[in-house]
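These are the residues of each chain, in order.
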Amino acid sequence: RRRRGPSRAARHHPHGLTLKEQQVLDLLVSGESNARIAEALSRSVRTVEAHVSAILGKLCVRNRMELVVRMQGDPSAAPTAPDQAP
């Protein structure tokens, strides 16, 4: 039976980000566009837009600029490297 609720990565991330959201966050903070993120992660631009929206909501910021500023002052929001994920 499949477990419902947040994924293991989301349960262990301080802001509840999934592994994919953490990957998107890393690329966002690097200044990548949605199109470039989609290409890098082999996802559609629409899927990346959904991840970006979820990230902004979970981190309580309104836009990418606020996100970058927040990331500079909040190391707990930093993405977890795949080999460090629980």
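Because the structure is a prediction, the values reported are computed rather than measured.

Next up on the list: the overall build of the protein. For the protein, the helix and strand inventory stands at 5 helices and 0 strands. In the protein, which comprises 86 residues, the share counted as buried stands at 30%. Here the analysis covers contacts within the protein between residues at least 6 apart in sequence; of these, 50% occur between residues at least 24 apart. Counting every atom, the protein has about 5700 Å² of accessible surface; 50% of that belongs to carbon and sulfur.

Right, let's talk about the nonpolar core for a bit. Ranked by size, the top nonpolar core spans 15 residues in total, and within it Val24, Leu25, Leu28, Ile55 and Leu67 carry the most contacts. Looking at this core, the elements that each hand over two or more residues are α2 (19–29), α3 (34–41), α4 (45–58) and α5 (64–73). Looking at this core, the element that brings in the most residues is α4, giving 4 residues. Filtering out sequence-adjacent residues up to four positions away, Leu67 remains in contact with Leu25, Leu28, Ile55, Leu56, Leu59 and Val61.

Contact geometry for α2 and α4: axes closest at 10 Å, N-to-C directions at 90 degrees. What the angle tells us is that α2 and α4 run roughly perpendicular. Together, Lys20, Glu21, Val24, Leu25 and Leu28 of α2 and His51, Val52, Ala54, Ile55 and Lys58 of α4 make up the contact between the two elements. Looking at the contact of α2 with α4 residue by residue, the classes come out as 6 nonpolar, 1 polar and 3 charged.

With respect to the helices, strands and loops of the structure, Leu17 is situated in the loop between α1 (8–12) and α2. Residue Leu17 is classed as buried on the basis of its relative accessible area, which comes to 0%. Counting along the chain gives 37 residues from Leu17 to Ala54, while the straight-line C-alpha distance between them is 8.5 Å.

The next thing to look at is the confidence of the model for the protein. On average, residues of the protein carry a pLDDT of 82, and 72% of them reach 70 or more. Looking at the elements of the protein, mean pLDDT is at its lowest for α1, recorded as 65, and at its highest for α3, recorded as 97.

What follows is about the pattern of salt bridges. Using the criterion set out here, one finds 4 salt bridges in the structure. We note a salt bridge from Glu21 to Lys58, for which the minimum N-O separation is 2.8 Å. With Glu21 in helix α2 and Lys58 in helix α4, the pair connects residues that are 37 residues apart, well separated along the chain. Its relative accessible area of 6% is what places Glu21 among the buried residues. Close ionic contact of Glu49 with Arg46 constitutes a salt bridge, the shortest N to O distance being 3.5 Å. Of this pair, Glu49 and Arg46 both sit in helix α4, separated by 3 residues, roughly a single helical turn.

About the cut-offs
Residues numbered from 1 in each chain as written. Predicted model: local features only at pLDDT ≥ 70, side-chain atom pairs only at ≥ 80, totals over all residues. Heavy atoms only, no water. Helix = DSSP H or I, 4+ residues; strand = E, 2+ residues; numbered from the N terminus. Buried < 20%, exposed > 50% of the residue type's maximum accessible area, 1.4 Å probe, protein only. Contact = heavy atoms within 4.5 Å. Areas by Shrake-Rupley, 256 points an atom, 1.4 Å probe, with all protein chains shown as cover. Core = buried A, V, L, I, M, F, W, Y, C linked by side-chain atoms within 4.5 Å. Axes fitted to C-alpha atoms, helices over the stretch in contact; angles between N-to-C directions. Parallel < 35°, antiparallel > 145°, perpendicular 65-115°, else oblique. Nonpolar A, V, L, I, M, F, W, Y, C, P; charged D, E, K, R; others polar. pLDDT = per-residue confidence, 0-100. Salt bridge = Lys/Arg side-chain N within 4 Å of Asp/Glu carboxyl O.

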